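# Descriptive analysis of the structure
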Amino acid sequence: MSESATSKAKKRPEFYNIGGSDLISYRWPLASIVSGMHRVSGAIMFFLMPFVIWMFDNSISSEISFDKFTSAFNVGMLGLPGFIWKLVALGLIWAYLHHFIAGIRHLWMDTHHEATTKEFGKSSAAFVMAATLGLTVILGAKLFGLY
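A few points on the structure. (Residues numbered from 1 in each chain as written. Predicted model: local features only at pLDDT ≥ 70, side-chain atom pairs only at ≥ 80, totals over all residues. Heavy atoms only, no water.)

Here we take up the overall build of the protein chain. When helices and strands are counted, the protein chain shows six helices and two strands. Taken over the C-alpha atoms alone, the protein chain extends approximately 90 × 35 × 25 Å along its principal axes. Looking at the 147 residues of the protein chain, the share that counts as buried comes to 24%. Sequence-distant contacts in the protein chain: of pairs separated by 6 or more residues, those separated by 24 or more amount to 63%. With the model as given, the accessible surface of the protein chain reaches about 11,000 Å², and the carbon-plus-sulfur share is 69%. Both charge centroids of the protein chain, one from 12 positive and one from 9 negative side chains, sit 9 Å from each other. (Helix = DSSP H or I, 4+ residues; strand = E, 2+ residues; numbered from the N terminus. Buried < 20%, exposed > 50% of the residue type's maximum accessible area, 1.4 Å probe, protein only. Contact = heavy atoms within 4.5 Å. Areas by Shrake-Rupley, 256 points an atom, 1.4 Å probe, with all protein chains shown as cover. Lys, Arg positive; Asp, Glu negative; His and termini not counted. Charge placed at Lys NZ, Arg CZ, Asp CG, Glu CD.)

Now the structure itself:
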């Protein structure tokens, strides 16, 4: 017999499913975080769609409704201060930006198969995070009246 047949075979690594208690200590790759946040941002936009429709309706109906709309962000509405409504709007801004930019990333990887490498996944995920957070900070500063 040849030496390779008689020698002990190298032990292959074993992979197990991740349990619920392992989720906290598991180190997620950046690409999987971006992909998960893409799903979360889609869910946020879906569930806050009534708020978006209300904002759009009140912003274009008339001057009086536009004033009511702006006072909801400045003074408050429904017992909540305007700051809370601005935070909800900021969450929507983040959700839209992240979903849009990550969606472009996913479409690019679907249409350009040479882009489905670990290196591209990591670099494009870092770009999505940086672009999303940067644009959210800029638009959030405008929303909160910093410029």
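Moving on from the model shown.
With that settled, consider the packing of helix 4 (residues 63–74) against helix 5 (residues 82–111). Viewed as axis vectors pointing N to C, helix 4 and helix 5 meet at an angle of 100°, and their least axial separation amounts to 5 Å. With respect to helix 5, the element helix 4 is oriented roughly perpendicular. Contact residues: helix 4 offers Ala-72, Phe-73 and Asn-74, while helix 5 offers Gly-82, Trp-85, Lys-86 and Ala-89. Residues that form the contact of helix 4 with helix 5 fall into these classes: four nonpolar, two polar and one charged. (Axes fitted to C-alpha atoms, helices over the stretch in contact; angles between N-to-C directions. Parallel < 35°, antiparallel > 145°, perpendicular 65-115°, else oblique. Nonpolar A, V, L, I, M, F, W, Y, C, P; charged D, E, K, R; others polar.)

Per the stated rule, a full pass over the model turns up five aromatic pairs. Judged by centre distance (5.2 Å) and plane angle (75°), the ring pair of Phe-46 and Phe-47 falls under edge-to-face. Here Phe-47 falls in the exposed class, since its relative accessible area comes to 63%. Taken together, a centroid distance of 6.0 Å and an interplanar angle of 15° make the contact between Tyr-96 and Phe-100 stacked. Separated by four residues within a single helix, Tyr-96 and Phe-100 lie in helix 5, roughly one turn from each other. What makes Phe-100 partly exposed here is its relative accessible area of 46%. Taken together, the aromatic side chains of Phe-51, Trp-54 and Trp-85 make up a single cluster linked through ring pairs. (Phe/Tyr/Trp six-rings, centres within 6.5 Å; stacked < 30°, edge-to-face > 60°.)

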